[in-house]
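# Structural features, examined
In case you want the letters, here they are:
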Amino acid sequence: GQFWHVVFAHHRSLKIMESSNFRPLQSHWPRLYEYARFAEIYAHSDPQTAAIKLRCFAEVLVGIIYQDLGLPVEPGDGLFERLQSPDFQDLVGRAIHQKLHAVRVLGNKAAHGKLINTDDSLYLLEESYLIGQWFYKTYSGDTSGHYPPFLPPEPATTPAEAPDDLVRQLAEAK
């Protein structure tokens, strides 16, 4: 009784936002979807980690483009070097290139301990949404032209229980 109630309550708290701005990417590119989805869920509660996950999103997306199009890459080239390639820049265009660069820069700052706030994570989330939208429309083969509008994630109305609280409640429920 009580044990399962606590487990389901915690599970519900993790599923605060059922819809995702990145759902169209899920079937073709599940890793992209997972990074972006994680960032959406934690944009308010952990903007630092959200920024890092969006940097991972950008890196994987750029890697997919390089692999699928057979763009030349040197061993050891990271995201910065790949973004600097004139071939890549011509391919994605100025607007998408600037968005990828912004995600890279703030994601790196987050990874190296610079404080990232909720405004930063929400900005990166919307930039990543626009990158994902462009990527989907360019590479998915879906000709319907439909892509859901961006909806900023809302802060959780009831804070998710801390893992320590969950462990304590599970122990008490036994």
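Structure shown above.
An account of the accompanying structure is given in this report. These numbers come from a predicted model, not from an experiment.

Reading the values: the criteria
Residues numbered from 1 in each chain as written. Predicted model: local features only at pLDDT ≥ 70, side-chain atom pairs only at ≥ 80, totals over all residues. Heavy atoms only, no water. Helix = DSSP H or I, 4+ residues; strand = E, 2+ residues; numbered from the N terminus. Buried < 20%, exposed > 50% of the residue type's maximum accessible area, 1.4 Å probe, protein only. Contact = heavy atoms within 4.5 Å. Core = buried A, V, L, I, M, F, W, Y, C linked by side-chain atoms within 4.5 Å. Polar contact = N/O pair within 3.5 Å; in protein donor to acceptor, adjacent residues only side chain to side chain. Phe/Tyr/Trp six-rings, centres within 6.5 Å; stacked < 30°, edge-to-face > 60°. Lys NZ or Arg CZ within 6 Å of the ring centre and 35° of its normal. Expected span 1.5 Å × (residues − 1). Axes fitted to C-alpha atoms, helices over the stretch in contact; angles between N-to-C directions. Left-handed = near helix turned anticlockwise from the far one by under 90°. Nonpolar A, V, L, I, M, F, W, Y, C, P; charged D, E, K, R; others polar.

### Regarding the overall build of the chain
Tallying secondary structure elements over the chain gives 7 helices and 0 strands in all. Secondary structure of the chain in N-to-C order comes out as α-α-α-α-α-α-α. Per-residue burial over the chain gives 40% buried out of 174 residues. Within the chain, contacts between residues at least 6 apart in sequence are counted, and of these 62% link residues at least 24 apart.

### Some details on the nonpolar core
By size, the foremost hydrophobic cluster in this structure holds 39 residues, and its most contacted members are Leu 25, Leu 32, Phe 88, Leu 100 and Phe 135. Elements with a contribution of two residues or more to this core: helix H2 (30-42), helix H3 (47-69), helix H4 (79-84), helix H5 (86-111) and helix H6 (118-139). At 11 residues, the largest contribution of residues to this core is made by H3. Apart from residues no more than four positions distant in its own chain, Phe 88 is found in contact with Val 62, Ile 65, Tyr 66, Leu 71, Arg 82, Leu 83, His 97 and Leu 100.

### Here's the deal with the environment of Leu 125
Assignment of secondary structure puts Leu 125 in helix H6. For Leu 125, the contacting residues outside a window of four places in its chain are Phe 22, Ala 36, Ala 39, Glu 40, Ala 43, Leu 54, Phe 150 and Pro 153.

### Section: the side chain of Ser 140
Tracing the chain through its elements places Ser 140 in the loop between H6 and helix H7 (163-173). Its relative accessible area of 13% is what places Ser 140 among the buried residues. Within the structure, the side chain of Ser 140 is placed 2.7 Å from the backbone oxygen of Tyr 136, a separation counted as a polar contact. Apart from the residues within four sequence positions on either side, Ser 140 is in contact with His 28, Trp 29 and Phe 135.

### Section: the packing of aromatic side chains
The full count for this structure, using the stated rule, is 10 aromatic pairs. Plain terms: the ring middles of Tyr 66 and Phe 88 are 5.5 Å apart, the flat faces sit at 20 degrees to each other, and that makes the pair stacked. One end of the pair, Tyr 66, is in helix H3; the other, Phe 88, is in helix H5, and 22 residues separate them in sequence. For the pair Tyr 66 and Phe 88, one class covers both residues: buried. Plain terms: the ring middles of Trp 134 and Phe 135 are 6.5 Å apart, the flat faces sit at 45 degrees to each other, and that makes the pair tilted. Like Phe 135, Trp 134 is buried. Three or more aromatic residues joined by ring pairs make a cluster, and in this case those are Trp 29, Trp 134, Phe 135 and Tyr 139. The ring of Phe 38 carries the charged tip of Lys 53 above its face, separated from the ring centre by 4.9 Å. The ring of Tyr 66 carries Arg 82 above its face, with NZ or CZ at 5.2 Å from the centroid.

### Describing H3
In this model, H3 (23 residues) spans 33 Å end to end at C-alpha, consistent with the 33 Å of a helix rising 1.5 Å per residue. At the exit of H3 stands Gly 70, carrying a positive phi of roughly 60 degrees.

### What about the packing of H5 against H6?
Packing of H5 against H6 leaves a shortest axis separation of 10 Å and a crossing angle of 145 degrees. With respect to the hand of their crossing, H5 and H6 are arranged in left-handed fashion. In this structure, H5 contributes Leu 91, Val 92, Ile 96, Lys 99, Leu 100, Ala 102, Val 103 and Leu 106 to the contact, and H6 contributes Tyr 123, Leu 124, Glu 127, Ser 128, Leu 130, Ile 131, Trp 134 and Tyr 139. Taken together, the residues of the contact of H5 with H6 break down into 13 nonpolar, 1 polar and 2 charged.

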